[in-house]
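Examining the three-dimensional arrangement
What follows is the residue order along each chain.
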Amino acid sequence: MAQLLITREELTVEQISAILNQLSWANLPPCGNEHIGLMRQLTVNTPALDEIAYVTDGLATCSSWGEGLYEFGEEAVIGRTSDGQTSFMLSYMSPSSGGGRALALSQGPYRALISLKYFVDVIAEPKMQMGLATHDGRPVITIGSSPDGALEKALLTKGAVQIPGYQQAVVNSPQWISMAMYPGGGFFQYLRTEHDGLLIAGGLVFLLTLGIWMRRSSPRDELRAAIRSEELSVHYQPIINQRSGECVGAEALLRWRQSDNTWIQPDLFIPMAEANRLMAPLTDLLLRTVANEMGPLLKANPELHISLNLYAEDVSTGRVLGVLENTLIVAGVRPRQIWLEVTERSFMDIESARTMLQQAHDRGYIIAIDDFGSGYSSLQYLQSLPVDVLKVDKSFIAPIGTGAVSSHVIYHIIEMGKSLNLVLVAEGVETQTQANYLADQGVSLVQGWLYAKAMPIRELHEFLGQRPSAGRLAAAASRAEAV
Ligand SMILES: Nc1nc2c(ncn2[C@@H]2O[C@@H]3COP(=O)(O)O[C@H]4[C@@H](O)[C@H](n5cnc6c(=O)[nH]c(N)nc65)O[C@@H]4COP(=O)(O)O[C@H]3[C@H]2O)c(=O)[nH]1
């Protein structure tokens, strides 16, 4: 886990430094429409990033969310990237993004802000404590720390001192110290306290085994092994028509549950898979699992659809079309029940993307643009590609009803979608206020925790059975399975 936290940190810093370089190279007139549009597009397409601000003399003159002056609170510089170009500081989000604490990456006049909450999402194991500190032991983020301050003490000693009553693991990188602690005695403590003799006698064997285990259990190797042993599973998040209350489909989302029952979030392991060329096997696993688990339900309910996330290379190579044929289509699912979600990141090679999406569209699949941002280039893509559905990213839904500057952006996105005759799906709907606003604007397809979180297939069957108009879906699926 300590290694995973550092991996997330390093991948995030690498990705965001590249974004800041891109902004500097673009050299656009500060705070003009094009400049704000580019900052917004980069923010929306980068899950880790909450906001980019353009700063002069400690004042932000504009940000991804528009114009408007605001002052940064007291910031503390805590380190620099190895090339010295980007510095890290503990900072604050702007008032329109909620004002919480943030890690800022600063390069020239740009400040990229990442909410500290982002790093907390790494684990879902309640007893695990985790912390990230600067290389000299100053805590930056702590997760689940206990009142005895054990985690903070361990971080200050850079993990050199073993805190009684905990198992602890520490990983050092040139910039960071990452620590994971678990209460109670574990295997290592048992060996150390009770069986010193055994430890010495077996030391050589133990170290050899540990060496092999450590080599095998880098996060990358664990992910590879998890894909091979199908340790990853798929959860399904319902998509609801809020006018009729019916569940019209579901989005398939990958989940990784490790052998110690820790859940790892996709926005951590997917970048790791991308960096290690593991995305193709991951997509194959997704499609196989969805065909097995949801195939009968979809076959029996022609009106129900499944939304699948494709990654950039799935789109540029077109390889995924063959995999779809051999999995979902063989299982009797109709192409129009399959929505392929693609993000703007897939359009780096726009010509290959256009060819693949056109082929997919011609075969009857529905093309959805995911995590849609409102930059100028987005509109350009929308007009030139065979797109049917626009999935409005949750970052545009969250500000609805808060009075934040960014809350107006959603209105323009909806108008744009309507003018292009696209079906709109709002993602990340959490409150009734958001749902009412969307209904008033004519957006009927919604997805979010207000209705349901992503769930395993068995719970999806129960969910469908409980919905008044959708009970027939589950019943029909059971009949189909029985045949
Ligand atoms: N705060 C909040 N969040 C909500 C709410 N409703 C849904 N979400 C979360 O929003 C994400 C929606 O998926 P996405 O934008 O496609 O974003 C996905 C997608 O880009 C990627 N991903 C997940 N599964 C796959 C996959 O099978 N293949 C590929 N290529 N990417 C995947 O990982 C991203 C994150 O997935 P998840 O962590 O499952 O996070 C999911 C979902 O759990 C809500 O009301 N509030």
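Residues numbered from 1 in each chain as written. Predicted model: local features only at pLDDT ≥ 70, side-chain atom pairs only at ≥ 80, totals over all residues. Heavy atoms only, no water.

In the annotation of an unreviewed UniProt entry, the entry for the protein reads cyclic-guanylate-specific phosphodiesterase, and the organism field reads Mesopusillimonas faecipullorum. In its Catalytic activity (unreviewed entry) section, the UniProt record describing the protein reads: "3',3'-c-di-GMP + H2O = 5'-phosphoguanylyl(3'->5')guanosine + H(+)". (UniProt positions renumbered as here; feature names shortened; annotations may be inferred.)

Inspection of every chain in the model, using the stated rule, returns two aromatic pairs. When the centroid spacing of 5.9 Å and the interplanar angle of 85° are considered together, the rings of Trp256 and Phe269 count as edge-to-face. Here the residue Trp256 occupies a position in strand β13 (residues 247-257), and Phe269 occupies one in helix α9 (residues 266-275), the gap between them amounting to 13 residues. The exposure class of Trp256 is buried, given its relative accessible area of 1%. Here the guanidinium or amino end of Lys453 rests over the ring plane of Trp449, the centre of that ring lying 4.1 Å away. (Phe/Tyr/Trp six-rings, centres within 6.5 Å; stacked < 30°, edge-to-face > 60°. Helix = DSSP H or I, 4+ residues; strand = E, 2+ residues; numbered from the N terminus. Buried < 20%, exposed > 50% of the residue type's maximum accessible area, 1.4 Å probe, protein only. Lys NZ or Arg CZ within 6 Å of the ring centre and 35° of its normal.)

Before going further, it helps to spend a moment on the confidence of the model for the protein. Detailed conclusions should not be drawn from predicted coordinates in areas where pLDDT is low. Predicted confidence across the protein gives a mean pLDDT of 79, with 79% of residues reaching 70 or more. The least confident element of the protein, judged by mean pLDDT, is helix α7 (residues 203-216) at 33; the most confident is strand β20 (residues 445-446) at 98. (pLDDT = per-residue confidence, 0-100.)

Glancing now at the sheet that holds strand β9 (residues 139-143). Pairing is antiparallel in the open sheet, where four strands are placed in the order β9-β8-β11-β10. The open sheet has two free edges, formed respectively by β9 and β10 (166-172), since each of these has just one partner strand. Each neighbouring strand pair of the sheet contributes to a mean axis angle of 15°, computed without reference to strand direction. Where β10 lies against strand β11 (residues 176-183), seven bridges are found, and the strand directions are antiparallel. What sits directly across from Asn172, in β11, is Ile177. (Pairing = 2+ DSSP bridges. Axes fitted to C-alpha atoms, helices over the stretch in contact; angles between N-to-C directions.)

Let us now look at helix α18 (residues 457-466). Turning to α18, its buried residues number three or more, namely Ile457, Leu460, Phe463 and Leu464. Buried residues along α18 cover an arc of 105° about the axis, so they all sit on one side. Of the exposed residues in α18, the ones pointing more than 90 degrees away from its buried face are Arg458 and Gln466. (Arc of directions from axis to C-beta.)

Attention now goes to the site of the ligand. Inspection of the region around the ligand gives 22 residues, with Glu251, Arg255, Asp370, Glu430 and Trp449 positioned closest. Between the ligand and Gln237 there is a distance of 3.0 Å, counted from a nitrogen atom to a side-chain nitrogen or oxygen. Contacts to the ligand include Trp449, whose backbone N or O atom sits 2.8 Å from an oxygen atom. Relative to its unbound accessible surface of 800 Å², the ligand loses 85% to contact with the protein. (Near = heavy atom within 4 Å. Polar contact = N/O pair within 3.5 Å; in protein donor to acceptor, adjacent residues only side chain to side chain. Areas by Shrake-Rupley, 256 points an atom, 1.4 Å probe, with all protein chains shown as cover.)

Here we take up the pairing of strand β2 (residues 59-63). Of the pairings in the sheet, the one linking strand β1 (residues 51-56) to β2 comprises four bridges and is antiparallel in character. Note that in β2 the partner of Thr56 across the bridge is Leu59. The loop that links β1 with its antiparallel partner β2 comprises two residues; one of these, Asp57, has a positive phi angle of about 50°.

Per the counting criterion, the structure on display carries nine salt bridges. Between Arg363 and Glu325 there is a salt bridge whose closest N-O contact spans 3.6 Å. Taken together, the residues span a long stretch of sequence, with Arg363 in the loop between α13 (350-362) and β17 (366-372) and Glu325 in helix α12 (residues 319-329) at a distance of 38 residues. By relative accessible area, Arg363 is classed as partly exposed at 38%. Two residues, Glu351 and Arg354, come together in a salt bridge whose shortest N-O distance is 2.8 Å. Separated by three residues within a single helix, Glu351 and Arg354 lie in helix α13, roughly one turn from each other. (Salt bridge = Lys/Arg side-chain N within 4 Å of Asp/Glu carboxyl O.)

Quick look at the state of the cysteines now. Per the stated rule, a full pass over the model turns up one disulfide. Note on cysteine connectivity: Cys31 is disulfide-linked to Cys62, with sulfurs 2.1 Å apart. Torsion about the S-S bond of the Cys31 and Cys62 cystine: about -80°, corresponding to left-handed handedness. With Cys31 in the loop between α1 (2-26) and α2 (33-44) and Cys62 in strand β2, the pair connects residues that are 31 residues apart, well separated along the chain. The residues Cys31 and Cys62 share a single accessibility class, namely buried. (Disulfide = S-S within 2.5 Å.)

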